[in-house]
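Here is what each chain is made of, one letter per residue.
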2 protein chains.
Amino acid sequence: MSITARHCLSKIFQPITATSKNSKITRQQVTSKSQRLMLELGIIQQSIPGCFHLLPLGVKSLDKLIKIIDNEMFKIGGQKVLFPTLTNSKLWNESGRLKEVGTELFQLQDRHNHHYILSPTHEEVASEMLSILAPLSYRNFPLKLYQISSKFRDEIKPRFGLMRGREFIMKDMYSFDTDIESAKKTYEEVCNSYENIFNTIGIGYAKVLGSSGSMGGSLSHEYQFKAPIGEDNVLYCSSCQYSANIEVCEDHQKCPNCGDEKNINIQCGIEVGHTFLLGDKYSKPLKSTFIAKDSKPEVLQMGSYGLGISRILAASVEVLSSETEMRWPSVLAPYNVIILPPKKGSAESLQTEGMPEKLYSNLEEKIPGLKNNILMDDRTSLTLGKRLLDAKRVGYQFTIIINKKSAEENPLFELIDIKNNKQLYLSKEALCDYIQQNFRI
Amino acid sequence: MSITARHCLSKIFQPITATSKNSKITRQQVTSKSQRLMLELGIIQQSIPGCFHLLPLGVKSLDKLIKIIDNEMFKIGGQKVLFPTLTNSKLWNESGRLKEVGTELFQLQDRHNHHYILSPTHEEVASEMLSILAPLSYRNFPLKLYQISSKFRDEIKPRFGLMRGREFIMKDMYSFDTDIESAKKTYEEVCNSYENIFNTIGIGYAKVLGSSGSMGGSLSHEYQFKAPIGEDNVLYCSSCQYSANIEVCEDHQKCPNCGDEKNINIQCGIEVGHTFLLGDKYSKPLKSTFIAKDSKPEVLQMGSYGLGISRILAASVEVLSSETEMRWPSVLAPYNVIILPPKKGSAESLQTEGMPEKLYSNLEEKIPGLKNNILMDDRTSLTLGKRLLDAKRVGYQFTIIINKKSAEENPLFELIDIKNNKQLYLSKEALCDYIQQNFRI
């Protein structure tokens, strides 16, 4: 293995800083734990209000989430597309949303004075795309198109870092069916797929009845992570297992489903996903039709499904982290393993020469899931203690320390498993086995 | 292998259409061969002028290009980030570019009347990002940050489809060095890396002296694909191998390097990449500094490097395709192999039941590079002839036809290799060997 193929911390742009010391970002702008940790530990950096630079470790985590989603989407026949961000305002006028949510939209004109919006969501665009084509045959449906791209919303008061930004990454999917019954089936299928995604991420979530809001449609569900800073209030009833955003509950003291008043409680949630059964709300005004069995054109039935990609990253960190130490879902951690070689110039450093690199290669070979997932902390001018502290703060699940014991005749490696709160001394073989057994990707 | 893990054409959204029949896109808007082919064969779809929907096969090709670039960037320590699209106009005012290129920028205001642009390039943003941090030590450089994202330019007259759009995908990289000598070294390194990328794509290109234009800086190179529709004019001198964009040549009749007048010729080129050695043009006004060895702050030296991602896709198709048949570089083709089972209900269909699926699995197992690269044309209600015609038009390198001969005691498969213009009948083993030997990824 060549040197360039190793991921080395000294080569990674991860400015570790304290927000208080940062000249342009005051603590006042930091409104959540995850935002502070991600800023301080070089995962994101503030740009204009509500917009963030995603730094290399943040991009790595993002790419892992995208891969999980692409895999799940492939299983249900979801097809990846990419719609432009610039959207003709006319389309939003036709659907009626331009007036309804106009103040939340970034709007602009081109040099020819044509009006555009920066789309926060693409129901109109997806509908128009199908309406432009000669109508497809009923045989081509259901159709499930999705994209993962930057979206824009002119929030009055952006907050919580990536959680409520003005520019954010969203996965949005649009389904098209030939009748409402099959649209419902598709809706269920996508909901199941979303549950798979959240189960893979591994953060406890609740699927609750949602409010359709300005989106419209007949049925809607939200996927909520429980967190004190969550801006949604979710009612749970332990009598009948009903749960809903309180926006859809007329009486907040009583379960709308079973009428129980004793076994309900209301918790804060971060909305990380939202699904809508839309019917023809967009396809009708935008004339998205298909050719039915009787050869006549009919209006398509739609669903719309959103996952807040950048929000899921931040919300996961919010739920799992302490005030001082960042924690990630295993499957989203930028790296799962970090190797700490001894301090440069120490006796151990000479005695274990080449050992860290060999261990790196061995782990990659034995555990395929670790490919591109191991980081070498080659900042060996720093003490092991300082580097260990950084590793704990950034939250790599497995920290392997190469020290005195590794230089003995039967070398032992110190392993710190932060998830299971264990500190072990293991031979190389036992180390590989332990990680393989406790590593989830 | 489960059915869901197979890529089946019937499930892919690829509206094959004729531009003339398309109600909203007239032939007048189609200004290049690649644009027409990509529209007609369901790779892209027109949205507003200069903006296109990338459909599933287009996204698949895009993802392949991104992977090639990410791999090359990793080799030279390039680090992937993601900057917001919304950029504070103030930064472009500080660099002086707001006035200079203002009419080409999409500009907008938020609800608080703050001014933003949709960035076409991020020199100012990258510089500011570093200036916000407490200055990094000289030990942290060179630093090479890149992103792949949508960019925006308010072209007066967008044309050639993805080649000159108003919203397009660009890979942009920014290098930071502590002095101009090391900045030059970094510049060379990135140029070499870009050459590797173009060599991998496999389209003949020329690296020529470029015009710095409004970007500024002391040295610039362009990467040009030769094509009749290219909007750049490139001067080549076969006496001394000098080549340059004619914008930098004072006299178009004479080689600026050796003075030769006989051995020069001027050809049209499509600019697919552009590199700039910028010096302190942006880092100085935007105050991007580092702490030098003597503990004093000094201004960083920059380079900027662009690859037109969506343009490379379109330009490749432009260079390789005929008027009626689309062709791709092997490494960018959405799929490399397509399997055509017999028509439903035919004698061969019964005799070869299960064979197409088994062949699909065998190829994937034997040739790891074919994973997710084989397409099953399961539209078996269509004749083999019709499907073969589609396959040829879309340009899959290897078309495997399962027909009468495949049902014989020693089954043979018809293989059409469009790149090498061959039609062969091969046993399964010979088929695997042939593809393995002629397949490049």
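Fair warning: this is a prediction, and the values are worked out from it, not measured in the lab.

(A) Examining the interface of chain A and chain B more closely. Counting from both sides, the interface comprises 59 residues of chain A and, opposite them, 59 residues of chain B. On the chain A side of the interface with chain B, the three residues burying the most area are A:F13, A:R111 and A:I132, jointly 13% of the side's total. A salt bridge links B:R166 to A:D110; the nearest nitrogen and oxygen atoms lie 2.8 Å apart. Our count for the contact surface shared by chain A and chain B stands at 22 residue pairs in polar contact (both at pLDDT 80 or more). Here the side of chain A that touches chain B gets five residues from one element, more than from any other, and that element is helix 5 (residues 123-132) of chain A. A breakdown of the residues in the side of chain A that touches chain B according to their chemical character gives 32 nonpolar, 14 polar and 13 charged.

(B) Spotlight on the relation of the copies chain A and chain B. Between the two copies, chain A and chain B, the superposition gives an RMSD of 0.0 Å; the rotation angle is 180° and the shift along the axis is 0.0 Å. The relationship between the two copies is best expressed as a two-fold rotation axis. Within chain A, the C-alpha atom positioned nearest to the axis of rotation is that of A:L108, 2.7 Å from it. When you check the interface residues of chain A against chain B, 100% turn up at the interface there too, and the contact is symmetric in its surfaces.

(C) Representation of the UniProt feature "domain: Aminoacyl-transfer RNA synthetases class-II family profile" (unreviewed entry) in chain A within the structure. This chain's UniProt record puts "domain: Aminoacyl-transfer RNA synthetases class-II family profile" (unreviewed entry) on residues 64-329 of chain A. The annotated region residues 64-329 of chain A carries 26% helix and 33% strand content, and the separation between its end C-alpha atoms amounts to 11 Å.

(D) Geometry of the side chain of A:S346. Looking at where A:S346 falls in the secondary structure, it is placed in the loop between strand 18 (337-340) and helix 8 (347-351). Within the structure, the side chain of A:S346 is placed 2.7 Å from the backbone oxygen of A:K343, a separation counted as a polar contact.

(E) Spotlight on the domain arrangement of chain A. Residues and elements named next belong to chain A. In terms of domains, chain A is made up of domain 1 (3-12 + 335-438) and domain 2 (31-320). Contact with domain 1, which involves nine residues of that partner, is made by six residues of domain 2. The contact between domain 1 and domain 2 buries some 610 Å² in all, and 63% of this surface belongs to carbon and sulfur atoms. Taken together, the connections running from domain 1 to domain 2 amount to three residue pairs in polar contact (both at pLDDT 80 or more). For the side of domain 1 that touches domain 2, the per-class residue count stands at four nonpolar, four polar and one charged.

(F) Just helix 1 (residues 33-40) of chain B, in detail. Residues and elements named next belong to chain B. By the criterion of burial, helix 1 is predominantly enclosed, with eight of the eight residues buried. Close packing links the buried residues of helix 1 with strand 2 (44-46), strand 3 (52-54), helix 7 (309-320) and helix 10 (384-394). After helix 1 finishes, the residue G42 shows a positive phi value of roughly 70°.

(G) Geometry of the pattern of salt bridges. One pass over the structure, following the stated rule, counts 42 salt bridges over all chains. The closest approach of N and O atoms between B:E94 and B:K90, which form a salt bridge, is 3.4 Å. Taken together, the residues span about one helical turn, with B:E94 and B:K90 both in helix 3 (residues 89-95) at a distance of four residues. Among the residues examined, B:E94 registers a relative accessible area of 36% and is labelled partly exposed. Taking relative accessible area as the criterion, B:K90 reaches 44% and is therefore assigned partly exposed. B:D154 is the salt-bridge partner of B:R166, the closest N and O atoms lying 3.5 Å from each other. Taken together, the residues B:R166 in the loop between strand 9 (143-152) and strand 10 (167-177) and B:D154 in the loop between strand 9 and strand 10 connect sequence positions twelve residues apart. As far as the burial class goes, B:R166 and B:D154 line up, both buried. Among the charged side chains, a salt-bridge network with shared partners connects A:E155, A:R159, A:R164 and A:E231.

(H) Fine view of the packing of helix 1 of chain B against helix 7 of chain B. Residue and element names in this part refer to chain B. Contact pair helix 1 / helix 7: the axes reach a minimum separation of 8 Å and the direction vectors enclose 105°. Between helix 1 and helix 7, the interaxial angle falls into the category roughly perpendicular. In contact with K33, S34 and M38 of helix 1, helix 7 contributes A314, V317 and E318. Among the residues making up the contact of helix 1 with helix 7, the classes are represented as three nonpolar, one polar and two charged.

(I) Quick look at the sheet that holds strand 17 (residues 297-299) of chain B. In spatial order, the strands read 8-16-17 (chain B); together these three strands make up an open sheet with mixed pairing. Only two strands of the sheet have a single neighbouring strand rather than two, namely strand 8 (136-137) and strand 17 of chain B.

(J) Structural detail: the packing of aromatic side chains. All names here are of chain A. For the coordinates displayed, the defined rule picks out 18 aromatic pairs over all chains. Grouping aromatic residues by their ring pairs yields a cluster made of Y194, F198, Y205, Y223 and F225. If you follow R97 out to its NZ or CZ, it ends over the ring of W92, 4.3 Å from the centre.

(K) Representation of the side chain of A:S321 within the structure. Residues and elements named next belong to chain A. In this fold, S321 is placed in the loop between helix 7 (309-320) and strand 18. Here V317 takes part through its backbone oxygen, which lies 2.7 Å from a polar atom of the side chain of S321. The contacts of S321, once residues within four sequence positions are left out, are K33, L37, M326 and R327.

Rules used in this analysis
- Residues numbered from 1 in each chain as written.
- Chains lettered and ligands numbered in written order.
- Predicted model: local features only at pLDDT ≥ 70, side-chain atom pairs only at ≥ 80, totals over all residues.
- Heavy atoms only, no water.
- Contact = heavy atoms within 4.5 Å.
- Buried area = accessible area lost by both parts, 1.4 Å probe.
- Salt bridge = Lys/Arg side-chain N within 4 Å of Asp/Glu carboxyl O.
- Polar contact = N/O pair within 3.5 Å; in protein donor to acceptor, adjacent residues only side chain to side chain.
- Helix = DSSP H or I, 4+ residues; strand = E, 2+ residues; numbered from the N terminus.
- Nonpolar A, V, L, I, M, F, W, Y, C, P; charged D, E, K, R; others polar.
- Least-squares fit on C-alpha atoms with pLDDT ≥ 70 in both.
- UniProt positions renumbered as here; feature names shortened; annotations may be inferred.
- Domains from an automatic or database assignment.
- Buried < 20%, exposed > 50% of the residue type's maximum accessible area, 1.4 Å probe, protein only.
- Axes fitted to C-alpha atoms, helices over the stretch in contact; angles between N-to-C directions.
- Parallel < 35°, antiparallel > 145°, perpendicular 65-115°, else oblique.
- Pairing = 2+ DSSP bridges.
- Phe/Tyr/Trp six-rings, centres within 6.5 Å; stacked < 30°, edge-to-face > 60°.
- Lys NZ or Arg CZ within 6 Å of the ring centre and 35° of its normal.

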